[in-house]
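Residue-level listing of the chains:
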Amino acid sequence: MNWGRRLLDKLSVYLPLIVMALLASGSWWLVRSVPELLTATANKPVRQDPDYRLADFSVTSFNARGRMTREVSGTQAQHYPATEALNIEQVRIYAESETGTQMNARATQGIATDDGKKVTLIGSAYAIRHPHDRSPKIELRGERLVALPDEDRVVSSDPVQITRDTDVFNAESMNFNSNTGEYLLQGRVRGMLMPKPQN
C-alpha cells in the first residue's frame, strides 16, 4: 500500500511534464500540417472560363428608400471569376443621382466589376446627361469611356468628344462629373462655340 502511494506521488510530480510534452507534440503536428492545407487552397488555379452566362438581361439597383438609381442591361453577358468582372455585349446603362440628374450610356461592349463600382464602355461608347435645372444636355462620345457610378463620374484616358448644347469640344482625356455637369478636359483640347440665339 505504501509502495503504491509513493509511485502515485512520483507520477504526480511528472504529470505536468507529460501533459506539456503531449501539448508540444500536438502543436508541432498542427504547425506542420496547416501550412500544407492552406497552401493547397491558395495555389488552386482560378477558373479562366466563364462560370455563368446571361442573355437579354437587366440588373437594377435601388437606394434605401426604394427608388431606382441604376440599371445595366445587355444582349449577352459572361462572368469571369479570374478577373471578377462581367463582360457585356451591347451594354446599356441608365443612372439617376440623388439630385434627380439622369444619364444614359451605351456601347458595343461593357466590362463591369463585381462590386459595381466601375463599368468600362468599349466600342462606339456614348453617354448623355439629360438637361437638368439650368444645365443643358451634354453628350460624350469616344471609343472607351469609364463610368464610376458611385462617384457620379465618367472618365476617359482616350480621345473624347463632348457636345454641350450646341458647343463641341474634343480632348485627349476627360473627367466628367455627371451630377454637376462639370468636366475637366486634358491634353490637346479643341472647341467650337456656337453663337447663342438672341432673345
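Our structure is the block above this text.
Let me sum up the structure you'll find in this document.

1. As for the overall build of the protein
- Summing up its helical and strand segments, the protein has one helix and twelve strands in all.
- Reading the protein from its N terminus to its C terminus gives the helix and strand order α-β-β-β-β-β-β-β-β-β-β-β-β.
- Counting all 199 residues of the protein, 31% fall into the buried class.
- For the protein, the exposed area adds up to about 13,700 Å²; of that, 56% sits on carbon and sulfur atoms.

2. Notes on the pairing of strand S3 (residues 85-96)
- Of the strand pairs in this sheet, strand S2 (residues 68-80) and S3 are connected by nine bridges, and their pairing is antiparallel. Across the sheet, Ala77 pairs through a bridge with Ile88, a residue of S3.
- Here S2 folds back onto S3 in antiparallel fashion, the turn holding four residues, of which Glu84 has a positive phi close to 50°.
- As paired elements, S3 and strand S4 (residues 102-113) share eleven bridges and run antiparallel to each other. Within the sheet, the bridge partner assigned to Glu89 lies in S4 and is Gln109.
- In textbook terms, the turn of a hairpin is the stretch between consecutive antiparallel strands, and for S3 and S4 this stretch comprises five residues, one of which, Gly100, has a positive phi near 95°.

3. Quick look at the side chain of Glu139
- Mapped onto the secondary structure, Glu139 falls in strand S6 (residues 138-148).
- A polar contact is formed between the side chain of Glu139 and the side chain of Tyr126, at a distance of 2.6 Å.
- Setting aside residues up to four positions removed in sequence, Glu139 forms contacts with Tyr126, Ala127, Ile128, Gln161, Ile162 and Thr163.

4. As for the nonpolar core
- Counting 27 residues, the largest nonpolar core has Ile88, Leu121, Leu140, Leu145, Ile162 and Met174 as the members making the most contacts within it.
- If you list the elements that add at least two residues to this core, you get S2, S3, S4, strand S5 (119-129), S6, strand S8 (160-164), strand S9 (167-171) and strand S10 (173-177).
- Apart from residues lying up to four places away in sequence, Ile88 is in contact with Phe57, Val72, Ser73, Gly74, Gln76, Ala77, Thr108, Gln109, Gly110 and Ala112.

5. Focus on the pattern of salt bridges
- Considering all chains together, one arrives at seven salt bridges under this definition.
- Of the charged contacts, one joins Glu98 and Arg65 as a salt bridge, the two residues approaching to 2.8 Å between their closest N and O atoms. A residue pair is termed long-range when its members are at least 10 positions apart, and Glu98 in the loop between S3 and S4 and Arg65 in the loop between strand S1 (52-62) and S2 qualify at 33 residues. No difference in accessibility class separates Glu98 from Arg65, as the two residues are exposed.
- In this structure, Glu98 and Arg67 form a salt bridge, with 3.9 Å as the shortest nitrogen-oxygen distance.

Reading the values: rules and limits
Residues numbered from 1 in each chain as written. Predicted model: local features only at pLDDT ≥ 70, side-chain atom pairs only at ≥ 80, totals over all residues. Heavy atoms only, no water. Helix = DSSP H or I, 4+ residues; strand = E, 2+ residues; numbered from the N terminus. Buried < 20%, exposed > 50% of the residue type's maximum accessible area, 1.4 Å probe, protein only. Areas by Shrake-Rupley, 256 points an atom, 1.4 Å probe, with all protein chains shown as cover. Pairing = 2+ DSSP bridges. Polar contact = N/O pair within 3.5 Å; in protein donor to acceptor, adjacent residues only side chain to side chain. Contact = heavy atoms within 4.5 Å. Core = buried A, V, L, I, M, F, W, Y, C linked by side-chain atoms within 4.5 Å. Salt bridge = Lys/Arg side-chain N within 4 Å of Asp/Glu carboxyl O.

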